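Coordinate analysis (summary)
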Amino acid sequence: MIITGKYPNLRLRRNRKQDWTRRLLEESTLSTNDFILPIFLIDGKNKIQPIKTMPGVYRYSINKLGKVVDKALSLRIPMVALFPYIQSKSKDKDGSEALNENNLVCKAIRYIKKKYKNQIGIMCDVALDPYTSHGHDGIIKSGYVENDKTIEILTKQALLQAEMGCDVIAPSDMMDGRVGKIRKILDKNGYQLIQILSYAVKYASNYYGPFRDAVGSKNLLKSDKKNYQMDFKNSIESLREVALDIKEGADIVMVKPGLPYLDVIKIVKDNFKIPVFAYQVSGEYSLLTNGIRKGLINKDAIVETLVSFKRAGASAIVTYFADQISKDLK
Ligand code: PBG
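Residues numbered from 1 in each chain as written. Predicted model: local features only at pLDDT ≥ 70, side-chain atom pairs only at ≥ 80, totals over all residues. Heavy atoms only, no water.

Let us now look at the overall build of the protein. Each helix and strand counted, the protein has eleven helices and twelve strands in total. Once the C-alpha set of the protein is aligned to its principal axes, its extents read approximately 70 × 45 × 40 Å. Relative to its 330 residues, the protein shows a buried fraction of 52%. Within the protein, contacts between residues at least 6 apart in sequence are counted, and of these 76% link residues at least 24 apart. (Helix = DSSP H or I, 4+ residues; strand = E, 2+ residues; numbered from the N terminus. Buried < 20%, exposed > 50% of the residue type's maximum accessible area, 1.4 Å probe, protein only. Contact = heavy atoms within 4.5 Å.)

Here is the structure:
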């Protein structure tokens, strides 16, 4: 700790006296370059469908996707993340719809790439939960999510997304060894420059509820995800997860959820000095939104929260607030 003086010579409040001096002394800043906007997709035509548990967030049919991507582009948000709401008739126990080259995500990637070329990045989750009839992220055998069988499918899902034009492959399944296998299949097929953003540190969290509603897996899921996602009592374990994923070829790592895990963002950044992204998840979004709508807290709490991720060491934030806050920041 460096102390350069003492009261009354030193008065820290001097530096806070006016808005201009506070602006000069900002340690962390927030810009629209820091955001990734998640977009939910749905089948059909002309749909912009509200999601009940996420006020202000919608599901878009492909022909309406332009509306939200145009907005992201005009706000200079660098990347969108695509998540599909799959109809139950297309779900099965192996999540085979994930490998259908005409599934919602594939169609959306093709649409965005064709219309916007490389003006905006596309990130896609690699995981089976939107596609399985049981809502888990992988294949189940005797009640257990099978690691190696699941990875076989995930590598195919990742390759398919790359072939469609996805820029950033984001495995969010928490299987062991999947980053290495995905890197290998991408490289073998000529996709050496496709980035891998690994959800290296993903907790079995109580904050995912609204998202599961948004992708239609909530009512299907009969058990928790604790045998693959991390225990929220642990932080040192996150360093092992990150170390492995870096060795396997991850370009960027994600910590998820966001606000309850600022300590984890910080230790990962401090220990590895690699790009770390934070995911402010659906439950965080909906709690803040409802609190603001009810007048319990004011709207500036959103920026305060987003800045906390930057302060902790995150380079970027996946947030459902990306579009509304970018408007204010501009
Ligand atoms: C699943 C996935 C989840 C989220 C993103 N990808 C939920 C889960 O693990 O059950 C949650 C995102 C959010 O809550 O906003 N692979």
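Having seen the model, we can carry on.
The next subject is the pattern of salt bridges. When the charged atoms of two side chains lie near each other, side chains of opposite charge can form a pair. Summed over the entire model, instances satisfying the criterion amount to 13 salt bridges. Here Lys310 makes a salt bridge to Asp34, at a shortest N to O gap of 3.0 Å. In this pair, Lys310 is assigned in helix 10 (residues 300-312) and Asp34 in the loop between helix 1 (19-24) and strand 1 (35-42), connecting sequence segments 276 residues apart. In this structure Lys310 comes out as buried when scored by relative accessible area, which is 18%. In this structure, the salt-bridge partner of Arg183 is Asp187, at a minimum N-O distance of 3.1 Å. Linking Arg183 with Asp187, this pair stays in helix 5 (residues 178-188), spanning four residues, or about one helical turn. A relative accessible area of 12% means that Arg183 is categorised as buried. The exposure class assigned to Asp187 is partly exposed, which follows from its relative accessible area of 29%. One salt-bridge network, held together by shared partners, links Asp173, Arg178 and Asp245. (Salt bridge = Lys/Arg side-chain N within 4 Å of Asp/Glu carboxyl O.)

Across the junction of Tyr7 and Pro8, the peptide omega takes the value 10°, indicating a cis bond. Within the secondary structure layout, Pro8 lies in the segment before helix 1. Omega for the peptide link from Lys256 to Pro257 comes to -10°, which places this bond in the cis form. Residue position: Pro257 is located in the loop between strand 10 (252-256) and helix 8 (262-272). The backbone of Arg76 sits at a positive phi, close to 60°, despite the residue not being glycine. Within the element layout of this structure, Arg76 appears in the loop between helix 2 (65-74) and strand 4 (79-85). Non-glycine residue Met174 carries a positive phi angle of around 65°.

Relative to the elements of secondary structure, Ser238 occurs in helix 7 (residues 236-248). Since its relative accessible area comes to 0%, Ser238 is described here as buried. Setting aside residues no more than four positions away along its own chain, Ser238 makes contact with Val201, Tyr203, Met230, Val264, Ile267 and Val268.

Turning next to the pairing of strand 11 (residues 276-279). Of the two faces of strand 11, the one lined by Val276 and Ala278 and the one lined by Phe277 and Tyr279 are each fully buried. As paired elements, strand 10 and strand 11 share three bridges and run parallel to each other. By the bridge assignment for strand 11, Met254 is matched with Phe277. In this view, the connection linking strand 10 to its parallel neighbour strand 11 by way of helix 8 has right-handed handedness. Pairing of strand 11 with strand 12 (residues 316-318), which is carried by three bridges, proceeds in the parallel orientation. Note that in strand 12 the partner of Phe277 across the bridge is Ala316. (Pairing = 2+ DSSP bridges. Right-handed = clockwise from strand over helix to strand, strands pointing away.)

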